[in-house]
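The lines below spell out each chain.
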Amino acid sequence: MTNKRILYIGNKLSKHGATTTVMETLGSLLSSEGFTVTYASSKKNIVLRFLDMIFTTIYHSRSVDYVLIDTYSTLNFWYAFFVSQTCRILKLKYIPILHGGNLPNRIKINPNSSGLIFDNAYRIVAPSGYLFNAFKDKYSKGLVSIPNTIEIEKYSFFKREIEVPKLLWVRSFSPIYNPKMAIQVLAELQKEFPNATLTMVGPDANNYRNECELFAKELNVKVNFTGKLTKTEWISLSKNYNVFINTSNFDNMPVSVIEAMALGLPIISTNVGGVPFLLQDQKEAVLVESEDFISMSSAIQNLFSNPISTNLMVIAARKKAETLDWQTVKSQWFKILK
């Protein structure tokens with residue numbers, strides 16, 4: 001369709017055991033549409049990764065049309081800063097893609113650095129209404145809303161039996177995603193459903209999984225920790241579960257939640273960041289306050305007490321997921337990468 005050349009800057013670390021990021025998914029989809037996509041970086045070492053990003057940007061400066069920069073709110077924010085300023089010097093059109101759930105706080109803490117990134121961007125892509133609203137007053141120039149996307153045909157809608165809670169959690173083991181809350185939910189839930197189970201899927205971050213395993217022992221609950229699974233593996237595994245829980249303290253537009261919507265899993269999530277922009281409470285999911293494991297446990301119990309309303313919620317979530325299919329979303333990318 002096109003011969004446009006894209007340099008995509010971000011963390012491409014799945015080969016080292018990390019979660020597959022939007023970078024790898026979106027990059028692959030753009031390649032399938034005829035774009036030539038070069039990536040940086042897959043270096044595991046944080047310093048080498050940063051240097052590779054800068055070097056690759058300079059090396060390809062005369063051969064790319066656009067530079068996409070995954071922009072997060074924590075340490076990776078500084079990757080985006082230095083790469084964007086390199087692009088400015090080299091007069092490259094760069095497009096920050098906003099991913100960090102805590103970015104609204106970051107632009108308050110570092111207003112000057114944020115201004116240098118976003119005021120000079122060719123476009124700014126906000127995947128969620130949450131970040132679009134947070135940026136629209138200060139950085140409205142070039143700001144566009146393009147949601148995270150999936151290929152809906154890869155997700156078969158599967159009707160689940162609502163008997164005993166079988167919980168599924170899919171995320172990296174990191175404090176910002178609050179995996180300990182999922183363990184607390186299971187402990188609370190087993191007071192009513194002694195046979196309730198929890199499986200936690202995802203790679204470890206800074207040895208935090210070990211801390212979660214010890215926490216499960218302290219609460220005297222058995223949790224199935226699978227480690228990282230491929231997308232195909234966890235989608236296949238999901239057929240054995242009947243509730244998807246998302247326990248994040250900060251979030252944007254989590255792809256794992258979109259995937260759960262597509263698969264027909266009832267979703268109980270914390271009401272943080274971009275989640276309420278993605279899911280309508282009581283209609284497409286049930287949202288509770290962050291850290292409130294008792295309310296999340298009660299919400300799960302209500303799912304099993306009200307199978308008809310649960311089924312309607314699941315159907316509504318699937319319909320929402322269908323609007324996020326690549327075949328629908330790709331035209332928005334074509335418009336800015338023309």
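Structure first, text after, so check above.
This one's a predicted model, so the numbers in the text were calculated from it and none came from an experiment.

I'd love a proper account of the packing of aromatic side chains, names of residues and values included.
Scanning all chains against the criterion turns up 17 aromatic pairs. Here the aromatic rings of F50 and F82 are separated by 5.6 Å at their centres, their planes lie at 75°, and the arrangement is edge-to-face. Placement of F50 in helix α2 (residues 46-59) and of F82 in helix α3 (residues 77-90) is noted, with a sequence separation of 32 residues between them. Judged by its relative accessible area of 25%, F50 falls in the partly exposed class. F82 sits in the partly exposed class, given a relative accessible area of 40%. Pairing F173 with F225 gives two aromatic rings, centres 5.8 Å apart and planes at 45°, and the pair type is tilted. Placement of F173 in the loop between β7 (166-170) and α7 (179-189) and of F225 in strand β9 (residues 224-227) is noted, with a sequence separation of 52 residues between them. Look at F173 and you get buried, because its relative accessible area is 0%. For F225, a relative accessible area of 15% corresponds to the buried category. By way of ring pairs, the aromatic residues F50, F77, W78, Y79, F81 and F82 are connected into one cluster. Stacked on the ring of Y39, the Lys or Arg K12 has its end atom at 4.9 Å from the ring centre.

Go over helix α10 (residues 255-263) with me, naming the residues and quoting the values.
When you tally the buried positions in α10, you get 8 out of 9 residues, the bulk of the element. If you check which residues of α10 are buried, you get S256, V257, I258, E259, A260, M261, A262 and L263.

Break down the nonpolar core for me, with residues and values.
Counting 31 residues, the largest nonpolar core has I183, L198, M200, V223, I245, I268 and I300 as the members making the most contacts within it. The dominant element in this core, judged by the number of residues it contributes, is α7, at 6 residues. When sequence neighbours within four positions are dropped, the list of residues in contact with L198 reads L167, W169, A182, I183, L186, V223, N224 and I245. Within the second largest apolar cluster, 29 residues are counted, among which are L7, A40, I69 and F135.

Describe the packing of helix α12 (residues 293-305) against helix α13 (residues 307-322), naming the residues involved and giving the relevant values.
One can describe the packing of α12 onto α13 by two numbers: an axis separation of 6 Å at closest approach and a directional angle of 105°. One finds that α12 runs roughly perpendicular with respect to α13. Every residue of α13 that contacts α12 at L303, F304 and S305 is listed here: P307, T310 and M313. Looking at the contact of α12 with α13 residue by residue, the classes come out as 4 nonpolar, 2 polar and no charged.

How would you sum up the side chain of S113? Please name residues and give values.
Positionally, S113 belongs in helix α5 (residues 111-118). When residues no more than four places from it in sequence are discounted, the contact partners of S113 are F77, W78 and F81.

Reading guide: rules and limits
- Residues numbered from 1 in each chain as written.
- Predicted model: local features only at pLDDT ≥ 70, side-chain atom pairs only at ≥ 80, totals over all residues.
- Heavy atoms only, no water.
- Phe/Tyr/Trp six-rings, centres within 6.5 Å; stacked < 30°, edge-to-face > 60°.
- Helix = DSSP H or I, 4+ residues; strand = E, 2+ residues; numbered from the N terminus.
- Buried < 20%, exposed > 50% of the residue type's maximum accessible area, 1.4 Å probe, protein only.
- Lys NZ or Arg CZ within 6 Å of the ring centre and 35° of its normal.
- Core = buried A, V, L, I, M, F, W, Y, C linked by side-chain atoms within 4.5 Å.
- Contact = heavy atoms within 4.5 Å.
- Axes fitted to C-alpha atoms, helices over the stretch in contact; angles between N-to-C directions.
- Parallel < 35°, antiparallel > 145°, perpendicular 65-115°, else oblique.
- Nonpolar A, V, L, I, M, F, W, Y, C, P; charged D, E, K, R; others polar.

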